[in-house]
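Descriptive analysis of the structure
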Amino acid sequence: EHYRVTLSHQRMSEDLHRTRDNNARSVDSFDVDTWGVEAVLESGTGIGHLTYGASYYLDTVDSASRKVSADGRSSNAIQGPVGDDSLYHLASAFLQDEIPLNERMDLTLGGRYTFAAADVGRFENPETGGADSLTEDWHDLSGSARLMFKADEAGRLRFFTGASQSFRAPNLSDVSRLDSARSNEIETAAPGLDPEKFLRGEAGVRWEGAAASLGLAYFYTDIHDMI
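The following refers to the structure shown. Residue positions are given per chain, counting from 1 as you read along its sequence in written order. Given that this is a predicted model, residues contribute local features only at a pLDDT of at least 70 and side-chain atom pairs are listed and counted only at 80 or more, while totals for whole chains, interfaces and linings are drawn from all residues. Only hydrogens and water are set aside; all other atoms, that is, all heavy atoms of the structure, feed into the side-chain values.

With respect to the overall build of the chain
As a reminder, the rule being used: Labels follow the DSSP assignment, with helices taken as runs of H or I lasting at least four residues and strands as runs of E lasting at least two, numbered in each case from the N terminus. Only C-alpha atoms enter the radius of gyration; for comparison, a globular chain is expected to reach 2.2 Å times N to the power 0.38, where N is the number of residues. Buried, partly exposed and exposed residues are distinguished by accessible area as a fraction of the type maximum, computed with a 1.4 Å probe on protein chains only: under 20%, between the cut-offs, and over 50%, respectively. Computed with a 1.4 Å probe, the accessible areas rest on the Shrake-Rupley method; for each residue, only the protein chains presented here act as cover. His is not counted, nor are the chain ends; Lys and Arg add positive charge and Asp and Glu add negative charge. By convention, the point assigned to a charge is CZ for Arg, NZ for Lys, CD for Glu and CG for Asp.
When you go through the chain residue by residue, the secondary structure sums to one helix and twelve strands. When the helices and strands of the chain are listed from N to C terminus, the series reads β-β-β-β-β-β-β-β-α-β-β-β-β. A compact globule built from 227 residues would reach a C-alpha radius of gyration of about 17 Å, whereas the chain, at 24 Å, exceeds it by more than 25%. Seen through its principal axes, the chain has C-alpha atoms that stretch 80 × 35 × 30 Å. Sorting the 227 residues of the chain into buried and exposed places 28% on the buried side. With the model as given, the accessible surface of the chain reaches about 14,400 Å², and the carbon-plus-sulfur share is 52%. On the chain, the mean spot of the 21 positive side-chain charges and the mean spot of the 37 negative ones are 6 Å from each other.

The following block contains the structure:
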């Protein structure tokens, strides 16, 4: 009954110039192009109102670092702030069903499949100090359920509760970063990371009047394998 298709392109570029007290200089840079396509569709069916779709995003990354010593000698590092000549894929498909159980109660069920992959062409191996490459991928199936109850016929006072799962795959910065983290600290590449997983519960009440609204909610999130 309704659909939306989105094509997108975003470009981000950064150059960081540092000059130290002894006139040593460095230039760290990266360029990221993100290409994306997303489709979201809605259908009214005998089993509820369905919202479903899929998306795919591709990041292409170039990264560099050039250092000039105080006596004028220059050198190019293996990578810049993140791995050079890298690709990052993020694809997902989802389905949500809004089901009216009766005149005052609605149940919403949803699920999402996510696939992510990092292909780092060149990064500095933190163990050997030499150039290396890596390819890693992650996938996940997450679900959610939400129940809403209308306490009055007009639906102004509503109670709700629900539980949901979520997922975050390691990104290029997590697996291939080489840059300042804090004073006198350098964050290095960390291949082999597990994805982050979250389980959240919520409960609350909401009232909507003609000129004002009021809501009170409680959320609790259980986190596993936080990076």
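With respect to the pairing of strand S12 (residues 213-224)
This is how it is decided: We call two strands paired when DSSP finds no fewer than two bridges between them.
In this sheet, S12 lies alongside strand S11 (residues 196-208) in antiparallel orientation, the contact comprising twelve bridges. Within S12, the residue paired with Arg200 across the bridge is Thr221. Here S11 folds back onto S12, and the loop between the two strands holds four residues.

Examining the nonpolar core
Convention followed: To define a nonpolar core, start from buried Ala, Val, Leu, Ile, Met, Phe, Trp, Tyr and Cys residues and group those joined through side-chain atoms within 4.5 Å. The criterion used for residue contact is that any of the two residues' heavy atoms lie within 4.5 Å.
Ranked by size, the top nonpolar core spans 16 residues in total, and within it Tyr88, Val120, Trp138, Ala169 and Leu172 carry the most contacts. Elements supplying a minimum of two residues to this core: strand S2 (25-45), strand S6 (105-124), strand S7 (131-150) and helix H1 (172-176). It is S6 that provides the largest number of residues to this core, a total of four residues. Setting aside its immediate chain neighbours within four residues, Ala169 contacts Tyr88, Ala116, Trp138 and Pro195.

Quick look at the pattern of salt bridges
Applicable threshold: Salt bridges are defined by distance alone: a side-chain nitrogen of Lys or Arg within 4 Å of a carboxyl oxygen of Asp or Glu.
Summed over the entire model, instances satisfying the criterion amount to 13 salt bridges. With its nearest N and O atoms 3.8 Å apart, the salt bridge here joins Asp140 to Lys197. Placement of the pair is Asp140 in strand S7 and Lys197 in strand S11, with a sequence separation of 57 residues. Given the relative accessible area of 8%, Asp140 is considered buried.

Quick look at the environment of Asp33
So the rule is basically this: Here a polar contact is taken to be a pair of N or O atoms separated by no more than 3.5 Å, where protein atoms must pair a possible hydrogen donor with a possible acceptor and residues adjacent in sequence count only if both atoms sit in side chains.
Along the chain, Asp33 turns up in strand S2. Beyond its immediate stretch of four places on either side in the chain, Asp33 contacts His9, Gln10, Arg11, Leu58, Asp59 and Thr60. Among the polar contacts made by the side chain of Asp33, one reaches the side chain of His9 at a distance of 2.8 Å.

Let's talk about the side chain of Ser176
Along the polypeptide, Ser176 turns up in helix H1. Looking at Ser176, its side chain comes within polar contact range of the main-chain nitrogen of Gly83, at 2.9 Å. Apart from the residues within four sequence positions on either side, Ser176 is in contact with Gln79, Pro81, Val82, Gly83, Val120, Phe123 and Ala189.

Some details on the layout of surface pockets
Put simply, the rule reads: With a 1 Å grid spanning the protein atoms alone, the term cavity applies to any set of points in which a 1.4 Å probe fits but cannot get out, the term pocket to an open set with protein on both sides within 12 Å along at least five of seven lines, and the term lining residue to any residue with an atom within 4 Å of a point. Grid points are joined across faces, edges and corners, and a volume is the space filled by probe spheres set on the points. When residue character is reported, Ala, Val, Leu, Ile, Met, Phe, Trp, Tyr, Cys and Pro are called nonpolar, Asp, Glu, Lys and Arg charged, and the others, Gly included, polar.
A volume near 710 Å³ is recorded for the largest pocket. Taken together, 36 residues make up the lining of the largest pocket; nearest its centre are Tyr88, Leu90, Phe167, Arg168 and Ala169. Of all the secondary structure elements, the ones that give two or more residues to the lining of the largest pocket are strand S1 (2-19), S2, strand S3 (48-68), strand S5 (84-100), S6, S7, strand S8 (157-168) and H1. Its residues assigned to classes, the lining of the largest pocket shows 14 nonpolar, 14 polar and eight charged. Taken together, the elements giving at least two residues each to the lining of the second largest pocket come down to S2, S3 and strand S9 (179-182). A per-class count over the lining of the second largest pocket returns six nonpolar, five polar and seven charged.

Observations regarding the pairing of S9
Where S9 and strand S10 (residues 185-187) come together, three bridges link them in antiparallel fashion. Looking across to S10, one finds that Asp179 is bridged to Glu187. In textbook terms, the turn of a hairpin is the stretch between consecutive antiparallel strands, and for S9 and S10 this stretch comprises two residues, one of which, Asn184, has a positive phi near 60 degrees.

A look at the side chain of Ser43
Tracing the backbone shows Ser43 in strand S2. The residues touching Ser43, leaving out its near neighbours within four places in the chain, are Glu1, Gly48, His49, Leu50 and Tyr52.

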